[in-house]
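The lines below spell out each chain.
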Amino acid sequence: MSASGGTKAIVAALGANLAIAVAKFVAFAFSGSSSMLAEGVHSIADSGNQGLLLLGGKKAKREATPEHPFGYGRERYIYGFLVSIVLFTIGGVFALYEGYEKVRHPHELEHWYWPVGVLIFAVIAEGFSFRTAIKESNELRGQLSWSQFVRRAKAPELPVVLLEDFGALIGLVLALCGVGLSLLTGDGVWDGIGTLCIGALLVLIALVLAAETKSLLLGEAADATQVAKIREALVDGETVTGVIHMRTLHLGPEELLVAAKVAVQHDDTAAEVARAIDAAEARTRKAVPIARVIYLEPDIFRQSATTSASTSTSA
């Protein structure tokens, strides 16, 4: 995912959520539906989340400084984590509170056509946003399932938008059910139950997002395919005869640090080793373009080193 990857999906989601939020608050004002209020707050929270993602993407493009020599790529992870906190506190907790209050003090819905009409409009708008996110994600996920894509993606933006839009669509269905049952039974408690379900859903999605972005913040290795390409690229079979051990770390979604100890022949000169190291770095960057920071340490070739290279793991 490029530095601007997912921007189209984020902007589409932002536009949809702002329009939906206005419509939901209007519907709440006319009907008094707590589901509408919870959904309105949910849309405001989602709009703020998309703003955070755009801000994180912009900040991540800053040049490296002496204080931050590896750059600011992880800004995107930080803002992705903030999204999960906002979704949990503003969206989920507020909806749970509002639903609890509505269950305790239910009241009949007024002007029911407002919430129903707005919910139908919201389903259409969220469906458009979700479709955009799916289209952009399909260009990146390859053969991965959707759950694997969310878990393994190194760029946080598209998984965040996908989960937000998916949760929003389910939340709209829950809101429709709550409003519909309240109208059919004349009991406003169903509206409160629908709101509680929306809150529980938002909290669950926020926890999933928090777990995934926390892993990125702690530092994740390159995927298995990239590790295999790097190992193959490092070895030329002449001067560099093997990889003794290697570690990889994502400095950001599009920047990978590679640190490895490579085996060289004992009778190679320093000049030959230096040229071989430079060539290995060039091959690695060609094989895996995001491997931008590479540190290679040569060591004398030994049979034990070859064995270690075949059994060691990367991290």
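Before reading on, note that the structure itself is shown above.
Report follows, based on the coordinates.

**Considerations on the pattern of salt bridges**
Link 1 in the chain: Taken as a whole and judged by the stated rule, the model has nine salt bridges.
Link 2 in the chain: Here Arg76 and Glu157 are joined by a salt bridge, their closest N and O atoms 2.7 Å apart. In this pair, Arg76 is assigned in helix 3 (residues 75–104) and Glu157 in helix 6 (residues 157–185), connecting sequence segments 81 residues apart. For the pair formed by Arg76 and Glu157, the shared burial category is buried.
Link 3 in the chain: The partner of Glu297 in a salt bridge is Lys261, and the shortest N-O contact between them spans 3.8 Å. With Glu297 in strand 3 (residues 291–300) and Lys261 in strand 2 (residues 255–264), this pair connects stretches of sequence that are 36 residues apart.
Link 4 in the chain: The class of Glu297 is partly exposed, set by a relative accessible area of 42%.
Link 5 in the chain: Take Lys261: its relative accessible area is 19%, and that puts it in the buried class.
Link 6 in the chain: What emerges from the salt-bridge pattern is a single network uniting Arg76, Glu157 and Glu254.

**A word on the nonpolar core**
Within soluble globular proteins, side chains that are nonpolar tend to cluster in buried spots.
Link 1 in the chain: The biggest cluster of nonpolar side chains holds 40 residues, and the ones touching the most others in it are Leu53, Val83, Leu87, Leu119, Val161, Ile205 and Leu209.
Link 2 in the chain: Broken down by secondary-structure element, the contributors of at least two residues to this core are helix 1 (7–31), helix 2 (34–59), helix 3, helix 4 (113–141), helix 5 (146–152), helix 6 and helix 7 (189–218).
Link 3 in the chain: Take this core: its biggest share by element is nine residues, from helix 6.
Link 4 in the chain: When residues no more than four places from it in sequence are discounted, the contact partners of Ile205 are Leu87, Leu163 and Gly167.
Link 5 in the chain: Core analysis: the second largest hydrophobic core is formed by 21 residues, Val273, Ala276, Ala291 and Leu296 among them.

**Topic: the pairing of strand 2**
Link 1 in the chain: When you tally the buried positions in strand 2, you get nine out of 10 residues, the bulk of the element.
Link 2 in the chain: Sheet analysis places strand 1 (residues 240–252) next to strand 2, joined by 10 bridges and oriented antiparallel. Residue pairing for strand 2: His250 is matched across the bridge by Leu256.
Link 3 in the chain: Hairpin connection, strand 1 to strand 2: the antiparallel pair is bridged by two residues.
Link 4 in the chain: Relative to strand 3, strand 2 runs parallel, the two sharing nine bridges. Bridge pairing in strand 3 links Ala259 to Tyr295.
Link 5 in the chain: In the classification by handedness, the crossover that spans strand 2, the intervening helix 9 (residues 270–287) and the parallel strand 3 is right-handed.

The rules behind each value
- Residues numbered from 1 in each chain as written.
- Predicted model: local features only at pLDDT ≥ 70, side-chain atom pairs only at ≥ 80, totals over all residues.
- Heavy atoms only, no water.
- Salt bridge = Lys/Arg side-chain N within 4 Å of Asp/Glu carboxyl O.
- Helix = DSSP H or I, 4+ residues; strand = E, 2+ residues; numbered from the N terminus.
- Buried < 20%, exposed > 50% of the residue type's maximum accessible area, 1.4 Å probe, protein only.
- Core = buried A, V, L, I, M, F, W, Y, C linked by side-chain atoms within 4.5 Å.
- Contact = heavy atoms within 4.5 Å.
- Pairing = 2+ DSSP bridges.
- Right-handed = clockwise from strand over helix to strand, strands pointing away.

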